[in-house]
Amino acid sequence: MTRRLMLAGGLAATATAAALTVGAPAQATPPGPGVSGTIISQKTVGDTDYILREITIPAGQATGWHWHKGELYGWVKQGTLSHFASTCESDGVYRRGSFIQEPSGDGNVHIGVNRGTVPVILEVLYVLPTGSPLSVDAPNPGCDFQ
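All values derive from a computational prediction rather than experimental measurement.

Cut-offs used in this document
All chains use their own residue numbering, which begins from 1 and follows the written sequence. Reporting in this predicted model follows two pLDDT cut-offs: at least 70 for local features of residues, and 80 or more for side-chain atom pairs to be given and counted; totals over whole chains, interfaces and linings ignore these cut-offs and use all residues. Computation of side-chain values covers all heavy atoms of the structure but excludes hydrogens and water. By convention in this document, the label disulfide applies to cysteine sulfur atom pairs within 2.5 Å. The way it works is that DSSP assigns letters per residue, a run of H or I at least four long becomes a helix, a run of E at least two long becomes a strand, and they are numbered from the N terminus. Only protein chains enter the accessibility calculation, which uses a 1.4 Å probe; a residue whose area is less than 20% of its type maximum is buried, one above 50% is exposed, and one in between is partly exposed. At least two DSSP bridges between two strands are needed for those strands to be called paired. Interaxial angle, 0 to 180 degrees, is taken between N-to-C directions of lines fitted to C-alpha atoms, where a helix line uses only the stretch in contact.

For the rest of this paragraph, the subject is the state of the cysteines. Enumeration over the complete set of coordinates arrives at one disulfide. Linked covalently through their sulfurs, C88 and C143 form a disulfide whose S-S length is 2.0 Å. The chirality of the disulfide connecting C88 with C143 is left-handed, given an S-S dihedral of about -95°. Placement of C88 in the loop between β5 (80-85) and β6 (90-95) and of C143 in the segment after β10 (136-137) is noted, with a sequence separation of 55 residues between them. On the basis of relative accessibility, which here comes to 24%, the residue C88 falls in the partly exposed class. In this structure C143 comes out as buried when scored by relative accessible area, which is 9%.

Following this line, the structure appears as structure tokens:
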């Protein structure tokens, strides 16, 4: 547990690009089959929830379009994650060992896609207002992929 908390702290301190997470199934663009997340640790301090979660995205699958009410910090444990903004343009390709960060707000709609042949496994620290959902579903912004 201590090692995971240290990892979570390190993620928050060193994350530098864009991230993803998986929340409840999106109505407009649900996660692909087999996309899953497991909460490893959760702590509330004041009005902030800190949630450490492991997310798995099988080969050829995606998270569905979504955004978050707080900041996210992640580390790619396995595979390669392709991340896209609502402009339909790639805003990052994250390989094993990469750190990723995602800003909060409905202006940061995105999707994470596994275009590889092995599952993507992410360790993600959510820093959310207390009681917030892990993610908020969003419709496809007009991209020719989902």
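In this fold, V93 is placed in strand β6. As for V93 and T80, which are separated by 13 residues in sequence, their C-alpha atoms are 6.9 Å apart.

Before going further, it helps to examine the sheet that holds strand β1 (residues 36-45). With respect to topology, five strands assemble into an open sheet ordered β1-β2-β9-β4-β7, the strand pairing being antiparallel. Here the strands that pair on one side only, and so sit at the sheet edges, are β1 and β7 (99-102). Taken over all neighbouring pairs, the strand axes of this sheet differ in orientation by 20° on average, direction set aside. Here 10 bridges tie strand β2 (residues 48-57) to strand β9 (residues 120-129), and the two strands are oriented antiparallel to one another. Bridge pairing in β9 links L52 to L125.

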